[in-house]
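Reading the structure
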Amino acid sequence: MTHQEPFTDHPDTPTRAGLRKRLRRARNALSPQQQRHAAERLALNLLKLPDLNRARHIAVYLPNDGEIDPHPYMAAARRKGIRLYLPVLHPLLQGRLVFSPWYDGIELVCNRFGIAEPPFHTGLRRPPWALDAVLFPLVGFDEFGGRLGMGGGFYDRTFAFSRLRPRLAPKLIGLAHDFQKVEKLPVEPWDVPLHGIVTDEAWYPVTRRLRPES
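All of the points below concern the structure found in this document. The model shown is predicted, which means the values in this text are computed figures rather than measured ones. (Residues numbered from 1 in each chain as written. Predicted model: local features only at pLDDT ≥ 70, side-chain atom pairs only at ≥ 80, totals over all residues. Heavy atoms only, no water.)

**Some points on the overall build of the chain**
- Helix and strand content of the chain: six helices and eleven strands.
- Counting over 214 residues, the chain shows a buried share of 50%.
- Pairs at least 24 apart in sequence give 71% of the contacts found in the chain among residues at least 6 apart.
- Approximately 11,000 Å² of the chain is accessible, and the part contributed by carbon and sulfur atoms is 54%. (Helix = DSSP H or I, 4+ residues; strand = E, 2+ residues; numbered from the N terminus. Buried < 20%, exposed > 50% of the residue type's maximum accessible area, 1.4 Å probe, protein only. Contact = heavy atoms within 4.5 Å. Areas by Shrake-Rupley, 256 points an atom, 1.4 Å probe, with all protein chains shown as cover.)

Have a look at this one:
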């Protein structure tokens, strides 16, 4: 996802903004060859996850701003018969996402942030609770579930129900380059819980109970 403004009711802090800038600069400095290698390693790690192998409906994203590329995994998932979906900005529910099928030849249009997405068509959307898993990009993360996004809060708003009804929630898995891992990030009250983070090097299951005291 490209740059968006932070929550108006939960403004960003200078520390988070500075870290976001540094990590974005680092991932944008990767060469095309480094990005391809990272994408291939990411796919291998995702294909090892039992939760994804059991899933039939998975939301993914098109990489932007140096984000790690899920395309190799997307190709492998389609060969396994998994249906893939892309996030679409909801035109009526401000700050929320819906999910539309992704397939070869689908028409893509740029949203107001310049990100390509399928057009918003009634009848083709899949509600968030009907997905089996959601793979979304991170700017930074720690191994205890702390995460840093682009500041728009779209995924947090869309999957806010997962905090109250976790059994209805899909598996929420953040994707990142391994160098985007930091020692510790705060878990904000509005952050939806992750099931884990997958990078080009490892799988980090979220273990909040092991979070060190501040």
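**Regarding the packing of aromatic side chains**
- One pass over the structure, following the stated rule, counts five aromatic pairs.
- Look at Phe99 and Phe159: their rings are 5.9 Å apart centre to centre, the planes differ by 45 degrees, and that puts the pair in the tilted class. Taken together, the residues Phe99 in strand β3 (residues 97–101) and Phe159 in the loop between α5 (154–158) and α6 (161–164) connect sequence positions 60 residues apart. Pair check on accessibility: Phe99 and Phe159 agree, each one buried.
- Pairing Phe159 with Phe161 gives two aromatic rings, centres 6.1 Å apart and planes at 45 degrees, and the pair type is tilted.
- For Phe161, a relative accessible area of 23% corresponds to the partly exposed category. (Phe/Tyr/Trp six-rings, centres within 6.5 Å; stacked < 30°, edge-to-face > 60°.)

**What about the side chain of Arg147?**
- By secondary structure assignment, the location of Arg147 is in strand β8 (residues 147–148).
- Arg147 sits in the buried class, given a relative accessible area of 7%.
- Side-chain polar atoms of Arg147 contact the side chain of Asp156, separated by 2.4 Å.
- Setting aside residues no more than four positions away along its own chain, Arg147 makes contact with Arg16, Phe136, Leu138, Gly140, Phe141, Asp156, Leu185, Asp191, Val192 and Leu194. (Polar contact = N/O pair within 3.5 Å; in protein donor to acceptor, adjacent residues only side chain to side chain.)

**Describing the sheet that holds β3**
- Pairing is mixed across the open sheet formed by seven strands, whose spatial order is β3-β2-β1-β6-β9-β10-β11. A strand with exactly one partner marks an edge of an open sheet, and here the two such strands are β3 and β11 (203–205). Strand-to-strand twist across the sheet, computed as the mean angle between neighbouring axes with direction ignored, equals 25 degrees.
- Inspection of the sheet shows strand β10 (residues 196–198) paired to β11 by three bridges, in the antiparallel sense. (Pairing = 2+ DSSP bridges. Axes fitted to C-alpha atoms, helices over the stretch in contact; angles between N-to-C directions.)

**Remarks on unusual backbone geometry**
- Even without a glycine there, the phi angle at Asp65 is positive, about 60 degrees.
- Considering the arrangement of structural elements, one finds Asp65 in the loop between β1 (57–59) and α4 (71–79).
- According to the relative accessible area criterion, Asp65 is buried, its value standing at 17%.

**Details of the packing of helix α2 (residues 32–47) against α4**
- Relative to each other, α2 and α4 sit at 40 degrees, their axes nearing to 7 Å. Taken as axis vectors, α2 and α4 run oblique relative to one another. Residue-level contacts link Ala39, Glu40, Ala43, Leu46 and Leu47 of α2 to Pro72, Tyr73 and Ala76 of α4.
- Here the residues of the contact of α2 with α4 are counted per class, giving seven nonpolar, no polar and one charged. (Parallel < 35°, antiparallel > 145°, perpendicular 65-115°, else oblique. Nonpolar A, V, L, I, M, F, W, Y, C, P; charged D, E, K, R; others polar.)

**What to know about the pairing of strand β9 (residues 171–175)**
- Most of β9 is tucked away: four of the five residues are buried.
- Sheet topology note: the strand β6 (residues 133–137)/β9 ladder contains five bridges and is parallel. Following the sheet pairing, Phe136 is matched in β9 by Gly174.

**Section: the pattern of salt bridges**
- Summed over all chains, the structure comprises six salt bridges.
- One salt bridge connects Asp51 with Arg54, and the closest N-O pair in it is separated by 2.6 Å. Within this pair, Asp51 and its partner Arg54 are both found in helix α3 (residues 50–54), separated by three residues, close to a single helical turn.
- The class of Arg54 is exposed, set by a relative accessible area of 58%. (Salt bridge = Lys/Arg side-chain N within 4 Å of Asp/Glu carboxyl O.)

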